[in-house]
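Structural description and commentary
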Amino acid sequence: MPSSYDYNVGRQRMGSGIITMGTNNAFSSRQGVRDNPSRTFGWRGLVILTMVLILMMVLILNILALHHGRGIETNVIDCSHLPPHTTPKDSTIDNNNGNMYQNTKHTDTPSNMTFIGIALNSDRVSDSAIRFLIDAACVHNIKSYILLGEGSNKPLKQKILAMTYHSYLPLPHIDGSMDCINWIRVRTAPSEDVLLNMTRTYIESSSIELKSNMPNNPLDLDNRIAKIKRSREYQRQQLLQNKISWGSHVWDWSYHSVIGVLDLDLFGYPLDLSDVVETASQYVIPSPSAKDGTVKYQAICANGLQISERRRSYYDTFSTILLPNTWLHRESDRVTARGALDGEDFDLAKMSQTQTLKWLLKEGRKNYNHSEVNSGNSRMDGGESDQQYDVVPVRSCFNGFTLYHADVFFDSRCRYDSHHEKDELYISKNERHTCEHIVFNECLRRVLAEQSVDDNFRIAVKLDLLTLWHLLK
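Within each chain, residues carry numbers counting from 1 in the order of the written sequence. Reporting of local features is limited, given that this is a predicted model, to residues whose pLDDT is at least 70; pairs of side-chain atoms are given and counted only at 80 or more, and all residues count toward the totals for whole chains, interfaces and linings. Side-chain measures were taken over the full set of non-hydrogen atoms in the model, leaving aside hydrogen atoms and water.

So, the pattern of salt bridges
One speaks of a salt bridge when a side-chain nitrogen belonging to Lys or Arg is within 4 Å of a carboxyl oxygen belonging to Asp or Glu. Under the counting rule described, the total for this entry stands at 18 salt bridges. With its nearest N and O atoms 3.5 Å apart, the salt bridge here joins R446 to D423. Here R446 is found in helix α14 (residues 436–451), whereas its partner D423 is found in the loop between α13 (406–409) and α14, with 23 residues between them in sequence. Across the pair, D423 and R446 agree in class, each one buried. The salt bridge partner of R445 is E442, with a shortest N-O separation of 3.3 Å. Taken together, the positions of R445 and E442, both in helix α14 and three residues apart, correspond to about one turn of that helix. A 1.4 Å probe rolled over the protein chains alone gives each residue an accessible area, and that area as a share of the maximum for its type sets the label: buried under 20%, exposed over 50%, partly exposed in between. Under the relative-accessibility criterion, E442 is labelled buried at 3%. One network of salt bridges, with partners in common, ties together E233, R236, R415 and D417. Secondary structure elements follow DSSP: runs of H or I no shorter than four residues count as helices, runs of E no shorter than two count as strands, and numbering proceeds from the N terminus.

Observations regarding the nonpolar core
What is meant by a nonpolar core is a set of buried Ala, Val, Leu, Ile, Met, Phe, Trp, Tyr and Cys residues, joined one to another through side-chain atoms within 4.5 Å. With 93 residues, the main nonpolar core has F115, I146, F401, L403, Y404 and F409 as its most contacted residues. When residues of this core are assigned to their parent elements, the largest contribution, nine residues, is made by helix α6 (residues 127–140).

A closer look at the confidence of the model for the protein chain
Fine structural detail should not be taken from predicted coordinates in areas where pLDDT scores are low. What pLDDT conveys is the predictor's confidence in a given residue, as a value from 0 to 100. This prediction gives the protein chain a mean pLDDT of 80; 73% of its residues lie at or above 70. Throughout, a residue-residue contact means that at least one pair of heavy atoms, one from each residue, lies within 4.5 Å. For residues 67–81, every residue scores under 50 in pLDDT, and the model assigns this stretch 22 contacts once sequence neighbours within four places are set aside. This stretch, residues 85–105, has a pLDDT under 50; its non-local contacts, to residues over four places away or in other chains, come to 38 contacts.

Take a look at the structure:
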């Protein structure tokens, strides 16, 4: 009975753990399974098995390499040369009851700080800038004034309103009053003819002689930097003349006030606004003991960074001049050759943007160590202080966000759209203009030096007050 015999043999072999396939003895015998693995798994199985083995070998090699400090390179940004970030204080919004807006008991009393910035139009204002100004208004009562170069300001106002409600009106509330948005003012600048007339009137009253084809001319019609200069000065004059109102308050720009000038198109601003407030109090606002109103610095710049070749680097070389007179802008765009400025350090002037950041961090760390030893600012628990870098004094800087002492910022002798022959030393070949922040800072340096030998314009970069530029390389 062959058929019955084969059936029983098949059952016995299946019971032994061998699955028979058809009647071919090569597939049904144990010896066949051992001698012909390809027939058991097939060519696809061999391919998969080979790939698994290769991946396991790569993983083992990578682990061994990491053990010896030579990890396989991945697309990770090296942040080891930067100050550590701290977790923003009180930044979590409780969506049931205790959000920041409610906890700060928002009142009608404004801060002594005001943020101002310009943008070409509503589309050029980044979401990061809007969040920064909303947090400033709703948590710290900080006023802000946005000036748009063109177009309607209604879309930006609507976006600010929506983002404010989204951030600071917790569920289950469906509607409510968000009074803090009244601290944010948005205006559209007048026509270019009005701005030109403003600058022309100033130039004529100051007896400044300008030629139409000369570089760094604030009356240039179509030059990008010239337009920025006129817009920034128009905004400054609007504040100085109290033409921007925040409620019924009459603003006295006293020596206890701070003006924060910012670019509105950045990717990132200081993460914790408490650090901004503390920076202003520590460096820019006179202490109660300073009866003469003396401040440590008249201006403090953020540390402006960009992402370049998977590393952070210092961005705003166009506005930055190290002491005593080293301009950091790239040589290919300088009218004045590197090392040609009076007092310029050629070795520092030729630093790359990454080298510049490392140099600033080294200087800040050196200053920090010195101040810690002499002032005893170390933490009570013996650990390291949160502030690991001191400010680095410079001749000029901006970096997308700068805090000015109000008395200095509103000095009537200086303007963004002014002209001085010495400013031509810092002209960009491509722009045919000097950065507006150098024009303004250099003017403050000159007038304060004329006023008092001991009262020079003091400005510095605060290394742990970070901004992230909107350009990626």
